[in-house]
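So you can see what is in the structure, the chains are spelled out below.
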Amino acid sequence: MVRDPTVLWHPIASVGDVPPRHVFHGQLLGRELAVWRADDGYINVWENRCLHRGLRLSIGVNNGHELMCQYHGWRYANRTAQCTYIPAHPADAPARTIFNRTFPAAERYGLVWSGEAPSGPPPEVGVLDAGSAMVLRSLPVDAPPGLVAEHLGRYRFCPNDRLDAEEPEVTADGHDDWSVLLTASAGGSSTTAAFFVQPVDSNRSVIRGVLSGSGEAADRLTVLRHHSTLLSNLRDRIEAYAATTPPPEPMEVKLHQVSEQLARVPVASVGRHAPLRVRVSRKWKTAEGVAGFELESIGEQLPSHQPGAHIDVHLPNGLVRQYSITNGPGEGTAYRIGVKREPNSRGGSECLHESVREGDVLAISEPRNNFPLRRDSVRTILLAGGIGITPLLAMAQTLRKDDLDFRLHCFAQSPAHLAFPELLKELGSSVTTHLGLTPEATVTRLRELVGRYETASHLYVCGPGPMLGAARRVATECGWPDDAIHFEYFRNDNEVDNSSSFEISLSRSALTLPVPAGKSVLEVLRANAIPVPSSCEQGACGTCGVTVLEGEPVHQDVYLNDSEKLAGDRIMTCVSRSRTDRLVLDI
Ligand code: FES
């Protein structure tokens, strides 16, 4: 009985077909695949279409950490195929629900293997494990895979070092619908050949052969030529025979519905849920008072992050804290964060420094990005104060890998206070440090660094409140428009006044709810089972923002800039309130 090909591993390429920075066009079971190797060695096997206009990704650009579609420049991340950038919306972070379909990949015997839903590991052939195997030239055949495997069972060839043998003995060591194992012997020499039939579709195949112990073959080119001639003759015979038989039914390719894709996305968009489990694989002192943590996935692949993204970390003491991901693009096996021990810690940084150890398991949220990086800027200035370096490190690494112009300025007390020095070193001359400056000297230095605004320049600032406020003020004085100044506060130091009471009307839910004094809009929404995501719950991260359709908000957050607050069409529901009796929200 023919085994279901969708649950098997099949070869789709030879390892030589996927060199760095290349994209290979694969075909399997009627489906087209984009196959590419990232700089970290990971082989990606994806559905060969861009989610935007369906262009083939196999003609896209592999930059070592992302695959970029040639048509409109959408980019997809190594490992997860999540969309990381949409050039038509340079100021926005793409939704995490935009990702391409991925397939499993493995390398064995010089071949790349994949499948729809293969179970277990790829086929094992003991004799190929023993010595250095030689991969034969792949040979496309216009015939059904089963027919090709049947004819391969009658393939006759000579051992590698007896290519002149007249009557080699060939024995079949194994044979099924998708592979054939043959050993040729003559004059005391023997060579085993494993042939795997790649089912391109119901009527097309590719023969992929691997020879055992061919590392010792005196003349590899002669061996390759020997098999090339014999297999070409075999292909002609198979195709001639196939032409006399009725063609099989076409294979039905199962294209996944968007809803099936979305089922893969963790249900975490509501509240402060933590759907991911990670293990602390490394904890180290990265600077004076700053601990670095590497959080590796347990089981599932970690979702891709965009530069500027943060995660919520749920601590053993019940607190939830936000930390920026410092990883560069394409680094997907573990998130790296930095935690500064706050002198007046309310329990978050103290717990991570004192209690959390290597090997501990933590619950975290999926990455959220409310501090996205534009990649269409002609000049990017990154200003980091102390531990504010963390999101800017991810940005700097992305800009560097994309060959975009940027400067990263790090303000710190001393060299010992510079977190992640090894990453700063890798960024080379794009980094300038400013050490031990007084607050006044910092403002003077900021004025020199920021300079007059030039068209298509962007400024990103992250650091302690006073430094961040000074940078924003200086930039505004130097003529920088609000939409070119991007900032992220660690926390909201403003005193939040929640003494007012008002009503919220929810336009899409047809509900009107009272917001009493002492309760936030977010709390009222949550109590009425209206799903709104949140993260910091203190008006600093922007996660809980909703659109205001009517009414005048009282902004108490530090996330929106002055123009956005003036526009009054968006509020952070965790802290902001209403000046009017009623706010109409687009929920
Ligand atoms: Fe962070 Fe409201 S949850 S701003």
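Residues numbered from 1 in each chain as written. Predicted model: local features only at pLDDT ≥ 70, side-chain atom pairs only at ≥ 80, totals over all residues. Heavy atoms only, no water.

1. With respect to the overall build of the chain
Inclusion rule: Helix and strand definitions here come from DSSP, where helices need a minimum of 4 consecutive H or I residues and strands a minimum of 2 consecutive E residues; each element is numbered from the N-terminal end. When checking whether two residues touch, look at their non-hydrogen atoms; a contact exists if any pair is within 4.5 Å. Using the Shrake-Rupley algorithm and a 1.4 Å probe, accessible areas are obtained, with residue cover drawn only from the displayed protein chains. The charge count includes Lys and Arg as positive and Asp and Glu as negative, but it does not include His or the ends of the chains. Charge placement uses NZ in Lys and CZ in Arg. For Asp and Glu, CG and CD serve respectively.
Per the secondary structure count, the chain includes 11 helices and 35 strands. Projected onto its principal axes, the C-alpha coordinates of the chain cover approximately 95 × 55 × 50 Å. Long-range contacts, defined here as pairs at least 24 residues apart, represent 65% of the contacts in the chain between residues at least 6 apart. When the accessible surface of the chain is summed, it comes to about 26,000 Å², and 50% of that surface belongs to carbon and sulfur atoms. Measuring between centres, the 58 positive side-chain charges of the chain sit 3 Å from its 69 negative side-chain charges.

2. Notes on the sheet that holds strand β29 (residues 502–506)
Applicable threshold: When DSSP finds two or more bridges between two strands, those strands count as paired. Axes, fitted as lines to C-alpha atoms, cover a helix only where it is in contact. Angles between the N-to-C directions of the axes lie from 0 to 180 degrees.
If you trace the 5 strands from one edge of the open sheet to the other, you get β30-β29-β35-β31-β33, paired in mixed fashion. Of all the strands in the sheet, just β30 (511–515) and β33 (570–572) have a single pairing partner and so form its edges. Each strand axis lies, on average, 40° off the axis of its neighbour in the sheet, ignoring direction.

3. Topic: the state of the cysteines
For clarity, the threshold we go by: Working definition: a disulfide is two cysteine sulfur atoms within 2.5 Å of each other.
Enumeration over the complete set of coordinates arrives at 0 disulfides. C83 takes part in no disulfide bond, and the closest cysteine sulfur to it belongs to C50, at a distance of 7.6 Å.

4. Let's talk about the sheet that holds strand β10 (residues 105–108)
Pairing within the open sheet is antiparallel, and its 3 strands lie in the order β1-β11-β10. The open sheet is flanked by β1 (10–14) and β10, the only strands paired with a single partner. Across the sheet, the mean angle separating the axes of adjacent strands is 35° when strand polarity is ignored. As defined by bridge partners, β10 adjoins strand β11 (residues 111–114) across 4 bridges and the pair is classed as antiparallel.

5. Regarding the packing of aromatic side chains
For clarity, the threshold we go by: Note on aromatic pairs: the rings of Phe, Tyr and Trp (six-membered ring only in Trp) are paired at centre separations within 6.5 Å, and the planes decide the class, stacked below 30 degrees, edge-to-face beyond 60, tilted for the rest. Only protein chains enter the accessibility calculation, which uses a 1.4 Å probe; a residue whose area is less than 20% of its type maximum is buried, one above 50% is exposed, and one in between is partly exposed. Any Lys NZ or Arg CZ found within 6 Å of a ring centre and within 35 degrees of that ring's normal is scored as a charge over the ring.
Following the criterion strictly, the structure yields 9 aromatic pairs and no others. Centroid distance W46 to Y76: 6.3 Å. Interplanar angle 75°. Geometry classified as edge-to-face. You can see W46 sitting in strand β4 (residues 43–47) and its partner Y76 sitting in strand β7 (residues 75–77), a full 30 residues away along the chain. Taking the relative accessible area as the measure of exposure, W46 reaches 0% and is therefore buried. Centroid distance F371 to Y460: 6.1 Å. Interplanar angle 65°. Geometry classified as edge-to-face. With F371 in the loop between β23 (361–364) and β24 (379–385) and Y460 in strand β27 (residues 457–463), this residue pair connects regions lying 89 residues apart in the sequence. Pairwise contacts between aromatic rings join W36, W46 and Y76 into one cluster. In this structure, R472 is placed above the aromatic ring of F487, and the distance from its NZ or CZ to the ring centre is 3.8 Å.

6. Description of the packing of helix α2 (residues 145–152) against helix α3 (residues 220–242)
As a reminder, the rule being used: The scheme is simple: roughly parallel for angles under 35 degrees, roughly antiparallel for over 145, roughly perpendicular for 65 to 115, oblique for anything else. Crossing handedness follows the turn of the near helix against the far one: under a right angle anticlockwise gives a left-handed crossing, and clockwise gives a right-handed one.
The N-to-C vectors of α2 and α3 enclose an angle of 130°; their axes lie 10 Å apart at closest approach. Compared by their axis directions, α2 and α3 come out oblique. The crossing of α2 and α3 is right-handed. When α2 is examined against α3, the residues L147, V148, H151 and L152 are found in contact with a partner set consisting of L231, L234, I238, Y241 and A242.

7. A short note on empty space enclosed by the protein
Cut-off, in case you're wondering: In this analysis, the protein atoms alone were mapped onto a 1 Å grid. Cavities are point sets where a 1.4 Å probe fits without being able to get out; pockets are open sets with protein on both sides within 12 Å along at least five of seven lines; lining residues have an atom within 4 Å of a point. Grid points are joined across faces, edges and corners, and a volume is the space filled by probe spheres set on the points. Any residue that is not Ala, Val, Leu, Ile, Met, Phe, Trp, Tyr, Cys, Pro, Asp, Glu, Lys or Arg is counted as polar, Gly included; the first ten are nonpolar and the last four charged.
Inspection of every chain in the model, using the stated rule, returns 4 cavities of 30 Å³ or more. The space that makes up the largest cavity amounts to roughly 170 Å³. In this structure, the largest cavity is lined by 25 residues; those nearest its centre are A77, S304, H305, G330 and E331. Counting only elements with at least two residues in the lining of the largest cavity, the list comes to β22 (334–340) and α6 (389–401). Residues belonging to the lining of the largest cavity are distributed by class as follows: 8 nonpolar, 13 polar and 4 charged. Roughly 60 Å³ of volume is contained in the second largest cavity. Surrounding the second largest cavity, T84, Y85, D92, A93, P94, Q306, P307, N369, P372, L373 and R375 form its lining. Its residues placed into classes, the lining of the second largest cavity shows 6 nonpolar, 3 polar and 2 charged.

8. A look at the nonpolar core
For soluble globular proteins, the rule of thumb is that nonpolar side chains tend to be buried together. This is how the line gets drawn: Take the buried residues of types Ala, Val, Leu, Ile, Met, Phe, Trp, Tyr and Cys, join any two whose side-chain atoms come within 4.5 Å, and each joined set is a nonpolar core.
Core analysis: the largest hydrophobic core is formed by 27 residues, its most contacted members being L382, I389, L392, L408 and L424. The set of elements that each furnish at least two residues to this core consists of β18 (276–287), β24, α6, β25 (406–412), α7 (421–426) and β27. The leading source of residues in this core is α6, at 6 residues. Residues within four places of L392 in sequence aside, it is in contact with F371, L382, L383, A384, L408, Y460 and C462.

9. Some points on the pattern of salt bridges
To keep things clear, this is the line we draw: What counts as a salt bridge is simple: a side-chain nitrogen of Lys or Arg found within 4 Å of a carboxyl oxygen of Asp or Glu.
Overall, the coordinates contain 31 salt bridges when judged by the stated rule. The partner of R375 in a salt bridge is E66, and the shortest N-O contact between them spans 3.1 Å. Of the two residues, R375 is situated in the loop between β23 and β24 and E66 in strand β6 (residues 66–68); the sequence distance between them amounts to 309 residues. On the basis of relative accessible area, R375 is assigned to the buried category, the value being 9%.

10. Here's the deal with unusual backbone geometry
Unusually for a residue other than glycine, L29 sits at a positive phi of about 50°. Mapped onto the secondary structure, L29 falls in the loop between β2 (23–28) and β3 (31–37). Judged by relative accessible area, which is 6%, L29 ranks as buried. You will see that Y109, though not glycine, has its phi angle at about 55°, which is positive. For Y109, the position within the fold is in the loop between β10 and β11.

11. Here's the deal with α2
With respect to burial, α2 is a largely interior element, 6 of its 8 residues being buried. Taken as a whole, α2 has its buried residues at P145, L147, V148, A149, H151 and L152. Packing partners of the buried residues in α2 comprise β13 (139–141), β14 (169–175), β15 (179–186), β16 (189–201), β17 (204–211) and α3.

12. Observations regarding the pairing of β15
Looking down a regular strand, the side chains alternate between one sheet face and the other. Along β15, 7 of the 8 residues are buried, which leaves the element largely enclosed by surrounding structure. Bridge count for β14 against β15 is 6 bridges, and the pairing is antiparallel. The partner of T171 across the bridge, within β15, is T183. In this structure, the hairpin formed by β14 and β15 is closed by a connection of 3 residues. Hairpin connection between β15 and β16: a loop of 2 residues separates the two successive antiparallel strands, and G187 in this loop has a positive phi of roughly 50°.

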